[in-house]
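So the chains spell out like this:
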Protein chains: 2
Amino acid sequence: MPKPLPLLDPLPSADVCCTPLTSAPLSAEQAEDLAVRLKAIADPTRLRLLSIVLSSQGMEACTCDLTGPLGLSQPTVSHHLKKLAAAGLVVGERRGTWTYYRVVPDALAALAAVITPGG
Amino acid sequence: MPKPLPLLDPLPSADVCCTPLTSAPLSAEQAEDLAVRLKAIADPTRLRLLSIVLSSQGMEACTCDLTGPLGLSQPTVSHHLKKLAAAGLVVGERRGTWTYYRVVPDALAALAAVITPGG
DNA sequence: CCACGAGATCGACGTCGATCAATCTCTTGT
DNA sequence: ACAAGAGATTGATCGACGTCGATCTCGTGG
């Protein structure tokens, strides 16, 4: 019987999560925090990773399902998944031998909201 | 009398602009194109640049207004403005000695729309 | 208890990008 | 026509990052 494990870094602090871009000049710290999360998705491989997971049945996929479509090695895929998880954009759940990853829609929505003009 | 000059790269092709992230797996080309534009804003200095311009009166600022608040050299600021302009996120207009930059809200909105889940 | 397999970590390598000083271009004012 | 100033470009430097092979960890099955 597969038991879920945390296994990943806890979600990063959400207290600085939603400072709007249009209201006032960002502080160096706010800009750094936002940039870290945007860098997580500003990579072609990670964008493809997200899109593949989102279009999989059950909205989840294990690492082994991703190496093939991406044409990348397993360590590289794990590296990218770790970055996405550190940014809170995906969560991984260990079920038996495999680790299944799901996208966190709220995290994506929050990122979109920050860069939306007039929002 | 100041005459406006193009002086910047034309806006990048908008034909691949809006492929949604959630509908289907992105191709390598689509992911690359999206990543280029996301990289433009995935930098703390450029995020601060955008926020400063957006919160300036008239929604515009010249390069000389930006070096001070950012604490960076003039060539570095020009470098970042060029990157933002190449991604179509800002446009520059030469007026006399100074070049004034404005944010392109539609470009920001398009970027936000792509990463919006369920969109 | 041991072999196998999935996934995470480590170390190394190559490339890209942020930054600056120096220089170049162009406009303004004298 | 010339000096001054704003901004863009160039070249160099240094750190960050993507990628891989090798190794490590851990759960599964015999």
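Scroll up for the structure.
Anyway, here's the lowdown on the structure attached to this text. Quantities reported herein were computed from a predicted structural model and do not represent experimental measurements.

1. Regarding the interface of chain B and chain A
By convention, interface size is frequently given as the accessible area that disappears when the constituent parts associate.
Thinking step 1. On the side of chain A, 33 residues touch chain B, which itself brings 33 residues to the contact.
Thinking step 2. Roughly 2,600 Å² is buried in total at the junction of chain B and chain A, and carbon and sulfur atoms are behind 77% of that figure.
Thinking step 3. Taken as a group, Leu-21, Leu-47 and Ile-115 of chain B account for 20% of the area that chain B buries against chain A, more than any other trio of residues on that side.
Thinking step 4. Applying the counting rule to chain B against chain A returns zero salt bridges.
Thinking step 5. Secondary-structure elements contributing two or more residues to the side of chain B that touches chain A are α1 (28–41), α2 (44–54) and α5 (105–115) of chain B.
Thinking step 6. The greatest single-element share of the side of chain B that touches chain A, amounting to eight residues, is contributed by α1 of chain B.

2. Observations regarding the pairing of strand β3 (residues 98–103) of chain B
All names here are of chain B.
Thinking step 1. Here β3 shows a clear split, with Thr-99, Tyr-101 and Val-103 buried on one side and none of Trp-98, Tyr-100 and Arg-102 buried on the other.
Thinking step 2. The pairing of strand β2 (residues 90–95) with β3 spans six bridges and is classified as antiparallel. Pairing of Arg-95 across the sheet is with Trp-98, part of β3.

About the criteria used
Every residue gets a number counted from 1 within its own chain, in the order that chain's sequence is written. In the order they appear in the text, chains get letters beginning with A and ligands get numbers beginning with 1. Only residues with pLDDT of at least 70 get local features here, since the model is predicted, and only at 80 or more are side-chain atom pairs given and counted; chain-wide, interface and lining totals rely on the full set of residues. Note that water and hydrogens are dropped before the side-chain values are worked out from all heavy atoms of the structure. Only heavy atoms matter for contacts: two residues are in contact if any of them lie within 4.5 Å across the pair. Accessible area, probed at 1.4 Å, shrinks when two parts are joined; the buried area is that loss added up over both. When a carboxyl oxygen of Asp or Glu lies within 4 Å of a side-chain nitrogen of Lys or Arg, that pair is called a salt bridge. Only DSSP runs of H or I reaching four residues or more are called helices, and only runs of E reaching two or more are called strands; each is numbered from the N terminus. For every residue, the accessible area obtained with a 1.4 Å probe (protein chains only) is divided by the maximum for its type, and the residue is called buried under 20%, exposed over 50%, and partly exposed between those limits. Only when DSSP finds a minimum of two bridges between them are two strands counted as paired.

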